[in-house]
Amino acid sequence: TVANAALINSYLPVVAMLGLIMLLPVVFRWMAEHYEQRKKKSSVERSIIGRFFYYQLANIFITVTAGSIWQALYEILDHPGNALAILAASLPNC
């Protein structure tokens, strides 16, 4: 039904992202202890925090950039010769 589809489309991506965010520290801890072979708890924690920071930074950058590019896609399809100028105008700037 329409209500179920709306529920899945609105909540499933959020639940999936929250699940990933909850799982990442566990994966990063395993990587620090087994792959990097860190022994001290402070070193393991530092590794987890660093990796999580870079994940969040990349996630925000990709989200903002992909949203801008997705909005400009229709305009690029109408005017393919101006693709670079359209992308330059659509990306966020300071």
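Residues numbered from 1 in each chain as written. Predicted model: local features only at pLDDT ≥ 70, side-chain atom pairs only at ≥ 80, totals over all residues. Heavy atoms only, no water.

Asker: Mind showing me how you'd approach the overall build of the protein chain here?
Answerer: Counting secondary structure elements, the protein chain contains three helices and zero strands. Relative to the compact-globule value of 12 Å for 94 residues, the protein chain shows a C-alpha radius of gyration of 20 Å, a clear excess of over 25%. Dimensions of the protein chain, computed from the C-alpha atoms along their principal axes, are close to 55 × 40 × 25 Å. Per-residue burial for the protein chain yields a buried fraction of 16% across its 94 residues. Pairs at least 24 residues apart make up 32% of the contacts formed inside the protein chain by residues separated by at least 6 positions. Accessible area for the protein chain stands at about 7,700 Å²; split by element, carbon and sulfur atoms hold 70% of it. (Helix = DSSP H or I, 4+ residues; strand = E, 2+ residues; numbered from the N terminus. Rg over C-alpha atoms; globule rule 2.2 N^0.38 Å. Buried < 20%, exposed > 50% of the residue type's maximum accessible area, 1.4 Å probe, protein only. Contact = heavy atoms within 4.5 Å. Areas by Shrake-Rupley, 256 points an atom, 1.4 Å probe, with all protein chains shown as cover.)

Asker: Explain a nonpolar patch on the surface to me, please; I cannot follow it from the model alone.
Answerer: A cluster of nonpolar side chains, contributed by V14, M17, L18, L20 and I21, occupies part of the molecular surface with about 390 Å² of accessible area. Considering the arrangement of structural elements, one finds L20 in helix α1 (residues 2–35). (Patch = residues over 30% accessible without salt bridge, like charges linked within 9 Å, V, L, I, M, F, W, Y side chains within 5 Å. Salt bridge = Lys/Arg side-chain N within 4 Å of Asp/Glu carboxyl O.)

Asker: Looking at this model, I keep getting lost on the packing of helix α2 (residues 41–78) against helix α3 (residues 83–90). Mind explaining?
Answerer: α3 packs onto α2 with a crossing angle of 145° between their chain directions and a minimal axis gap of 9 Å. Regarding α2 and α3, the two cross each other, and that crossing is right-handed. Counted together, S68, I69, A72, E75 and I76 of α2 and A83, I86, L87 and S90 of α3 form the full contact between these two elements. Its residues assigned to classes, the contact of α2 with α3 shows six nonpolar, two polar and one charged. (Axes fitted to C-alpha atoms, helices over the stretch in contact; angles between N-to-C directions. Left-handed = near helix turned anticlockwise from the far one by under 90°. Nonpolar A, V, L, I, M, F, W, Y, C, P; charged D, E, K, R; others polar.)

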